[in-house]
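# Report on the structure
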Amino acid sequence: MTAMDSSDERSDGAAGPVSSPDSSPDPSPGFWHGRSALLMPGILAAVSLYLVIGAALLDAGDTDFPGPRFVPVILGAVGLLLAVLLALGVLRTPEPVTETSGRSYRTHSDFVALAWVAGGFLAFALLLPWLGWILAGALLFWCTAHGFGSRRPLFDILIAMFLSSVVYLIFGTGLGLILPSGILGGGF
């Protein structure tokens, strides 16, 4: 028997690697294993809370209902409710990341998707005065859809244009706010 053969036999005669007294089985995964998705509800709750606090501190004067506080309070309350529901879903059914590289990570982030969404928001913020709400909003919606995994660009562009147009109409006619029209309005 060679040295290699003896390392593949256990003391009970069965084939397999010999386990040394120092090697122990992997410890049970901690609380955060599969729960890295709690970061998103945390960010959503922080932004929603910021909206609610900002609306509460807003000097509205003697405005009629609904007033300038109405939409931020509604959006903040809906955001807080969604953050709680998302957090409960992650806590009830954690989704561990399947690793194919053989390495084990405590958390997993999709930085490509994050770059698409953050880049879309940055482009929206920079291009809004020139492109106007409809085109800049459509760009933001398209980048977000692409970041979340949609691979139908023409369909996504149509949906993005529809959504940004609806938002423009709601804020423009429904609430009387003036959103930038950009090149579609004939001006910059």
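Up top you'll find the structure we're talking about.
Scoring rules and cut-offs
- Residues numbered from 1 in each chain as written.
- Predicted model: local features only at pLDDT ≥ 70, side-chain atom pairs only at ≥ 80, totals over all residues.
- Heavy atoms only, no water.
- Helix = DSSP H or I, 4+ residues; strand = E, 2+ residues; numbered from the N terminus.
- Buried < 20%, exposed > 50% of the residue type's maximum accessible area, 1.4 Å probe, protein only.
- Contact = heavy atoms within 4.5 Å.
- Areas by Shrake-Rupley, 256 points an atom, 1.4 Å probe, with all protein chains shown as cover.
- Axes fitted to C-alpha atoms, helices over the stretch in contact; angles between N-to-C directions.
- Parallel < 35°, antiparallel > 145°, perpendicular 65-115°, else oblique.
- Left-handed = near helix turned anticlockwise from the far one by under 90°.
- Nonpolar A, V, L, I, M, F, W, Y, C, P; charged D, E, K, R; others polar.
- Phe/Tyr/Trp six-rings, centres within 6.5 Å; stacked < 30°, edge-to-face > 60°.
- Expected span 1.5 Å × (residues − 1).
- 1 Å grid on protein atoms, 1.4 Å probe; cavity = no way out; pocket = protein on both sides within 12 Å on 5 of 7 lines; lining within 4 Å.
- Points joined across faces, edges and corners; volume = space filled by probe spheres on them.

## Regarding the overall build of the protein chain
Looking only at helices and strands, the protein chain features five helices and zero strands. Ordered by position in the sequence, the α and β elements of the protein chain form the string α-α-α-α-α. When the 188 residues of the protein chain are sorted by exposure, 17% land in the buried category. Considering only contacts within the protein chain whose residues lie at least 6 apart along the sequence, 56% involve residues at least 24 apart. For the protein chain, the exposed surface amounts to about 14000 Å²; the carbon and sulfur share of it is 70%.

## Points about the packing of helix 2 (residues 39–57) against helix 3 (residues 70–92)
In a packed pair of helices, the relevant descriptors are the angle between the two axes and the axis-to-axis distance. The contact between helix 2 and helix 3 brings their axes to 8 Å, and the two run at 155°. The orientation of helix 2 with respect to helix 3, classified from their angle, is roughly antiparallel. You can see that helix 2 and helix 3 cross each other, and the crossing is left-handed. Judged by residue contacts, Pro41, Leu44, Ala45, Ser48, Leu49, Leu51, Val52 and Ala55 of helix 2 engage Pro72, Val73, Leu75, Gly76, Ala77, Gly79, Leu80, Leu82, Ala83, Leu86 and Ala87 from helix 3. Here the residues of the contact of helix 2 with helix 3 are counted per class, giving 16 nonpolar, three polar and no charged.

## A word on the packing of helix 4 (residues 111–147) against helix 5 (residues 153–174)
Orientation of helix 4 relative to helix 5, taken along the N-to-C sense of each, is 135°, at an axis distance of 8 Å. In this view, helix 4 runs oblique relative to helix 5, as classed from their interaxial angle. Considering how the two elements wind past one another, helix 4 and helix 5 form a crossing that is right-handed. Residues Trp133, Ile134, Leu135, Gly137, Ala138, Phe141, Trp142 and Ala145 of helix 4 pack against Pro153, Asp156, Ile157, Ala160, Met161, Leu163, Ser164, Ser165, Val167 and Tyr168 of helix 5. Across the contact of helix 4 with helix 5, the residue classes tally to 14 nonpolar, three polar and one charged.

## Some thoughts on the packing of aromatic side chains
Evaluation of the coordinates by the stated rule reveals three aromatic pairs. Measuring from centroid to centroid gives 5.6 Å for tryptophan 116 and tryptophan 142, while their planes differ by 80°, and the two rings are edge-to-face. Judged by relative accessible area, which is 31%, tryptophan 116 ranks as partly exposed. The structure contains a cluster of three or more aromatic residues connected by ring pairs, namely Phe121, Phe124 and Trp133.

## What about helix 3?
Helix length check: helix 3, at 23 residues, gives a terminal C-alpha distance of 33 Å against a target of 33 Å (1.5 Å per residue), a fit within 8%. Within helix 3, burial applies to Gly76, Gly79, Ala83 and Val90.

## Notes on the side chain of histidine 146
Relative to the helices and strands, histidine 146 is located in helix 4. Judged by its relative accessible area of 19%, histidine 146 falls in the buried class. In this structure, histidine 146 is in contact with Trp116 and Arg151, ignoring residues within four places of it in sequence.

## Let's talk about the layout of surface pockets
Reported here for the second largest pocket is a volume of approximately 220 Å³. What lines the second largest pocket is Met40, Ile43, Leu44, Val47, Ser48, Leu51, Leu75, Val78, Gly79 and Leu82. Secondary-structure elements contributing two or more residues to the lining of the second largest pocket are helix 2 and helix 3. Among the elements that take part in the lining of the second largest pocket, helix 2 stands out by supplying six residues, more than any other. When its residues are assigned to classes, the lining of the second largest pocket shows eight nonpolar, two polar and no charged.

Shape descriptors only; they carry no functional weight alone.
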